[in-house]
Amino acid sequence: MKAEKIRKSIEKFGNDREHLMLILRDLENASGKNVLDIETLESVAAEMNIPEGAVAGFVDFYTMFKTKPRAKYVIRVCKSGPCHVMGSTTIFDAVQKHLGIGIGETTRDGMFYLEKCECLGVCSVAPAMMVNYDIHGNLTPKRIKDLLDSYKKKKPSAGEQCGKEVEGKACIINEPRQTKRLLDKIGVVDPLKIDSYLGNGGLDSLKKALSMSPADIISEVKDSGLRGRGGAGFPAGMKWSFVTKGPMQKYVICNADEGEPGTFKDRILMEENPQLLIEGMAICGYAIDASIGYIYIRGEYRRSIERLQAAIEQARKKGILGKNIMGSKFSFDVFIKEGGGAYVCGEETSLINSMEGKRGYPRFKPPFPGGAGYMRLPSNVNNVETLMSVPMIIEKGAEWYRSAGPTNCSGTKLYCLSGKLNRTGLVELPMGATLKEIIDLHGKGIKKGKKFKFAHVGGSAGGILGKDLMNLPLDIDQPIKQGVTLGSGVVLVCDEDTCAVDYLLQILSFFEHESCGQCVPCRVGTVQLHHLVKKFAMRTANESDIDLLIEKATLMKKASLCALGQSPIMPITTMLKYFRSEFVKHCKPDYKCAACDTSLKRYYSGSHLH
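Presented here is an overview of the structure given in this document.

Comments concerning the overall build of the chain
In step 1: Along the backbone of the chain there are 24 helices and 13 strands.
In step 2: Taken over the C-alpha trace, the chain has a radius of gyration of 23 Å; the compact-globule value for 610 residues is 25 Å, and the two agree within 12%.
In step 3: In terms of overall dimensions, the chain has C-alpha extents of about 75 × 60 × 45 Å along its principal axes.
In step 4: Split into buried and exposed, the 610 residues of the chain put 61% on the buried side.
In step 5: Of the contacts made within the chain by residues no fewer than 6 positions apart, 72% connect residues no fewer than 24 positions apart.
In step 6: Element-wise, carbon and sulfur atoms account for 52% of the exposed surface of the chain, whose accessible area totals about 23,200 Å².
In step 7: Distance between charge centres in the chain, computed from 84 positive and 69 negative side chains, equals 2 Å.

Considerations on the packing of aromatic side chains
In step 1: If you walk through the whole model with that rule in mind, you get 19 aromatic pairs.
In step 2: Residues Phe61 and Tyr361 carry aromatic rings whose centres are separated by 5.7 Å and whose planes lie at 85° to one another, so their mutual orientation is edge-to-face. Here the residue Phe61 occupies a position in helix 4 (residues 52–61), and Tyr361 occupies one in the loop between helix 15 (348–355) and strand 8 (379–383), the gap between them amounting to 300 residues.
In step 3: Judged by its relative accessible area of 24%, Tyr361 is partly exposed.
In step 4: On the numbers, 5.9 Å between centres and 35° between planes, the contact of Tyr251 with Tyr294 is tilted. Of this pair, Tyr251 sits in strand 5 (residues 251–256) while Tyr294 sits in strand 6 (residues 292–297), and the two are 43 residues apart along the sequence. For the pair formed by Tyr251 and Tyr294, the shared burial category is buried.

Brief notes about unusual backbone geometry
In step 1: Here the amide bond leading from Lys365 into Pro366 is cis, since omega sits at 0°, within 30 degrees of zero.
In step 2: As for its position among the elements, Pro366 is in the loop between helix 15 and strand 8.
In step 3: Cis geometry marks the peptide bond from Pro366 to Pro367; its omega dihedral reads 5°.
In step 4: Phi is positive for Asn34, close to 50°, though the residue is something other than glycine.
In step 5: Checked against the element boundaries, Asn34 lands in the loop between helix 2 (20–31) and helix 3 (38–48).
In step 6: Residue Asn34 is classed as buried on the basis of its relative accessible area of 12%.
In step 7: Phi is positive for Asn132, close to 55°, though the residue is something other than glycine.
In step 8: Within the element layout of this structure, Asn132 appears in the loop between strand 3 (129–131) and strand 4 (134–136).

The rules we used
- Sequence order sets the numbering: in each chain, residues are counted from 1 along the sequence as written.
- Where local features are concerned, this predicted model is filtered to residues with pLDDT of at least 70; where side-chain atom pairs are given and counted, the filter is 80 or more; whole-chain, interface and lining totals use all residues.
- In computing side-chain properties, one takes all heavy atoms of the structure into account and sets aside hydrogens as well as water.
- Labels follow the DSSP assignment, with helices taken as runs of H or I lasting at least four residues and strands as runs of E lasting at least two, numbered in each case from the N terminus.
- The globule rule used for comparison is 2.2 Å times the number of residues to the exponent 0.38, while the radius of gyration itself is calculated over C-alpha atoms.
- For each residue, the accessible area found with a 1.4 Å probe, counting protein chains only, is set against the maximum for its type, and the residue is called buried under 20%, exposed over 50%, and partly exposed in between.
- Note on definitions: a residue-residue contact is assigned when non-hydrogen atoms from the two residues lie within 4.5 Å.
- For the accessible areas, the method is Shrake-Rupley and the probe is 1.4 Å, while residue cover comes only from the protein chains on display.
- Charge counting follows a simple rule: Lys and Arg are positive, Asp and Glu are negative, and His as well as the terminal groups are ignored.
- Charged groups are reduced to one reference atom each: NZ for lysine, CZ for arginine, CG for aspartic acid, CD for glutamic acid.
- A pair of aromatic rings is counted whenever rings of Phe, Tyr or Trp (Trp by its six-membered ring) have centres within 6.5 Å, and the orientation is called stacked for planes under 30 degrees apart, edge-to-face for over 60 and tilted otherwise.

Written as structure tokens, this is what we have:
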């Protein structure tokens, strides 16, 4: 790439290392073949005064970047749990048949390149794929030909050609028997027009907050019982109070790296009501004395990025962001940081490293972000759903917020329904809804009259729930007593035709793929776990491998640095709790399993061995 183009890109975003992600993405898009060649990376390193090895390591870490030429259009077919259950292998077959290429190959005319990827965040319309930044859901083999042929006649878009099936409003379950709070204004507020937000009560909470003391705001959030909605469930108000006091620069960081397979709630919230997120961040900023907010959002969420950026610019023009916002003495602004395809960056310290232009390795704690976060300065990290809950708490009070949900886990929760349900999408219910209620009422039962087999709750890092836990309250605390977790709110339902071995194979494939490799227990352990389950899929395992699987996962839980390496034990032990007999059957060489055979053929044959 010409040196002039590289210099202009660096000038556009800034010479500091924290801008490396945006600079490289800009240069990759300009290449015409979705590639960052070695010469370009060397030039970037020289211009930004960053060691070449650091730039090379950065690119190698994030799956969305490649140093070898791909094509004008990169087709990423999702193979994570929800898409796999809904038939992603048939989509791979259809793409390969129509284009005449395999995974990791380019068509002769240089138009298309095919690769597999993990969750795209549109799980309610699985199976799905992304063509450059255009996301397409509800795919069938019949649709593939017309869809791919259409790309030969047009230029790639920046994510607005996703189709009606993945529009945010279409992904929200239209069921009156739910408790809409966060979803209340979706479909009412125009996400592209700030005046629509203002006309529907927007900013009333921020105005009220600016008349309160920061201590009173934190106290109100504490009293509400709001707990983190990203998975950990830590009390939000308490977390705010941990941010170091003093005159130094502080940051509000929104974790919008929604990479947990089966999760799509934050995407819908950002796309359909972006100003509410900005308002929640501003209130948090005022409460902890932070003047800058960052939204770290996964790179696959192009529409979310565009709508948030438009919302930020409109807010600045209205005086809602910037110096002395809304006529007050408080100054606050918001900026977007993009991810590059790394599940581990959902962990807050990994996210912060990525924001700084580094590989997304998790940091040792302490120190915690509240004392030494972004740029080693005090930072508060909350996810989208958590921050967007704050304005309603300030507006209506802690007591009102506690009126929904159990005492220990107050408020509502966004549940993400996917898999073999007659109705999939997003539903908002009081925290503690049961699996039975979610499946029968909101999901309208199992597709084609099939029988329920299990639900994977909490995403890949969550656990398997069987028929005996249909009435278990799905809040933050109750599932833990049963060895599972609610996590981000994923409810992936599988029917009687789902093979337990094949499903677990995909889950452990995900963990191996997403391990950052920083600590040995996770780097080695995820490979070994995946290998062991693959033996069952190939019918070459022994029954003793079942205990070995648990033994290795237990060791990983004790010794891994972050939650990624500590998580595989949950889906493994809970799956074996219900379906150990299936794993025993897969130890027999003559046992027939079409599901496992299909997965082995698609993902583990020849040069495409994972």
